[in-house]
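# A look at the structure
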Amino acid sequence: LRRNEGERQLVLISGSYPYGARGRVNTYLLFAELSSQLSVGYVGLIVPSGVATDESGRLLFSYLFNAGRIRRLWDFENREGLFAEVHRSARFALFSLGPSSSGVADFCFGLHRISETGDLNRHFQLTSKDLDRINPNTLTCPSFGSKQDAELVRFIHTRLPVLVFEDPARIPPDSWSVLTKPGLLNMANDSNLFVSKEDADSSLPVYEGKMFSFYDHRCADVVLSATAQIRQGQSEELSASDHEDPDRFAQPRHWISADEIAHRVEGQWDRGWIPGWKEITSPTNARTLIPAVLPLAGIGHKIPVFLPSTTNRSLSFGLVANLASYVCDFVCRNKLNGTSLTPFTFKQLPVLPASSYPRETAWDPGVPLQSWLLPRVLELAYTAWDLRAFAHDCGSSGPPFHWNDERRFLLRCEVDAAFFHFYLPSNGNGGWRPADGESPEDLARLSSSFPTPRDAVSYIMDTFPIVKRKDEEKFNGEYRTKRVILEAYDAMAKAIRAGRPYRTRLTPPPADPT
């Protein structure tokens, strides 16, 4: 350890690596930076892909990219064993540098063999302006799987701001002003504060990521086995009948003093509920970005929480719904390169600004988005008594809503269709609506892949293959989720064109007290 620290200090103090020697030193970054210094001409390297995608490499990548040195970066996963002694999940890149130039760099991600580089649809180009829009805080490169993915994400970021700008000069007046925290507890360092179920009379449950899902803060119990020697604390999903009981709460393996949690949020959060997301995930899972509204409780460090400012706190339900949408998840999957969705990525997701919610919806004239969305989110989220504080803050004093799988499916499809309209806005004829400052060439490039926003909606839904497979297995080969979202999307588009209110398929309507 002493030798490692001495070497790290030597690298830092030498001043020879102003971009690669930051924080925790990675030798491959030093190698890449030294190579760029030794030759102002052409250089070909094989380095870990993190040189372009990881936070540790962001300064070096940004420097080389803005200097016009990067010619191409082709990312490979070692699944085919191209490097026999390296783990099959490791990622590496063919990284080519050249003299400073104003030309665009060529990127390609997710390759497994050299022959795949011949597929032109997998290649995409980015400018420094693109990176500044897509990842303004880090200027790292998204790992787009195709040219179409790159075009759609570029289009979305042209229209919507990221959740958090870290540069104070760029924070818009209608920013959410979100504070992120790594949960409220460290599951290792704070374990001495945990109490057993028998001693939990005045305590709160300690939430783990496996206990919740979309609009479901009681997705699963954490169970302990009397015989298992390893992998204790596995999840056991609540049944449909469990969910129908508003007094049935998810059971944790640990509990903690309510006073301890009150102390940890003092001055930062004043509600009896808290929004968070699952950190452990993957772009290859059924879904990647999984947010939820949770009861204020012990929140483990693998559930980062996001706390809107006092001004926007009453609109938190809208931000949670936005983050839970398929279209936001599509962008997230294109930005995430590993299995940990940290604030590094989360803060740079494109979301509707808080100022969008008081404005009327195009498909329901005269009705603000917050009024249209609130009853749908409330019925989805408030299904048990332990979230009555959330319901109260949403203006509801009634009992939890009955858990009905079919209604919940339709509610979620309507919400997803709504956010597709916001992320992929169309003109009166169903074509693309240009954004401010968007050139005809940019719009033509997008239209060549997706003639209409509806085509883009259909494409995005097909990028969730596990959701599709499960639907087809359950519904005789039909991708039902995609069909119903498109039906709701089309009905909203028709209402917009006609200037008449969208009519929900739900009877009774969302959050009806009866």
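Just above sits the structure.
The structure contained in this document is the topic of the report that follows. (Residues numbered from 1 in each chain as written. Predicted model: local features only at pLDDT ≥ 70, side-chain atom pairs only at ≥ 80, totals over all residues. Heavy atoms only, no water.)

Another point: the nonpolar core. Judged by nonpolar contacts, the single largest core of 133 residues is most densely connected at Phe107, Leu373, Phe420, Tyr423 and Leu424. By residue number, the principal contributor to this core is helix 14 (residues 405-423), which donates 10 residues. Setting aside anything within four residues of it in sequence, one finds Tyr423 in contact with Phe155, Ile156, Arg159, Leu160, Asn322, Val327, Cys328, Pro350, Val351 and Leu352. If you look at the next biggest cluster of nonpolar residues, it comprises 5 residues, including Trp74, Phe92, Cys108 and Leu111. (Core = buried A, V, L, I, M, F, W, Y, C linked by side-chain atoms within 4.5 Å. Buried < 20%, exposed > 50% of the residue type's maximum accessible area, 1.4 Å probe, protein only. Helix = DSSP H or I, 4+ residues; strand = E, 2+ residues; numbered from the N terminus. Contact = heavy atoms within 4.5 Å.)

So, on to the packing of aromatic side chains. Evaluated as defined, the whole model comprises 22 aromatic pairs. Seen in terms of ring centroids, Phe306 and Phe346 are 5.4 Å apart; in terms of plane orientation they differ by 45°. Their pairing is tilted. One end of the pair, Phe306, is in strand 14 (residues 305-307); the other, Phe346, is in helix 11 (residues 343-346), and 40 residues separate them in sequence. Ring plane angle 75° and centroid distance 5.4 Å describe the contact between Trp363 and Trp372, whose orientation is recorded as edge-to-face. The burial state of Trp363 is the same as that of Trp372; both residues are buried. An aromatic cluster is defined as three or more aromatic residues linked by ring pairs; in this entry it consists of Phe61, Phe65, Phe107, Phe109, Phe124 and Phe144. Over the face of the ring belonging to Phe155 we find Arg159, whose NZ or CZ atom lies 3.3 Å from the ring centre. (Phe/Tyr/Trp six-rings, centres within 6.5 Å; stacked < 30°, edge-to-face > 60°. Lys NZ or Arg CZ within 6 Å of the ring centre and 35° of its normal.)

Right, let's talk about the environment of Gly338 for a bit. Relative to the assigned elements, Gly338 resides in the loop between helix 10 (326-335) and helix 11. Counting along the chain gives 98 residues from Gly338 to Asp436, while the straight-line C-alpha distance between them is 34 Å.

Turning our attention to the packing of helix 14 against helix 18 (residues 480-498). Relative to each other, helix 14 and helix 18 sit at 55°, their axes nearing to 8 Å. Relative to helix 18, the element helix 14 lies oblique. Between helix 14 and helix 18 lies a crossing of right-handed hand. Seen from helix 14, the contacting residues are Glu406, Phe409, Leu410, Cys413, Glu414, Asp416, Ala417, Ala418, Phe420 and His421; seen from helix 18, they are Arg480, Thr481, Val484, Ile485, Ala488, Tyr489, Met492, Ala493 and Ile496. Tallied by class, residues from the contact of helix 14 with helix 18 come to 13 nonpolar, 2 polar and 4 charged. (Axes fitted to C-alpha atoms, helices over the stretch in contact; angles between N-to-C directions. Parallel < 35°, antiparallel > 145°, perpendicular 65-115°, else oblique. Left-handed = near helix turned anticlockwise from the far one by under 90°. Nonpolar A, V, L, I, M, F, W, Y, C, P; charged D, E, K, R; others polar.)

The next point concerns the pattern of salt bridges. What the rule picks out here adds up to 32 salt bridges. Here Asp75 makes a salt bridge to Arg91, at a shortest N to O gap of 2.5 Å. Highlighted residues: Asp75 in strand 2 (residues 70-77) and Arg91 in strand 3 (residues 91-97), separated in sequence by 16 residues. Here Arg248 makes a salt bridge to Asp221, at a shortest N to O gap of 2.7 Å. (Salt bridge = Lys/Arg side-chain N within 4 Å of Asp/Glu carboxyl O.)

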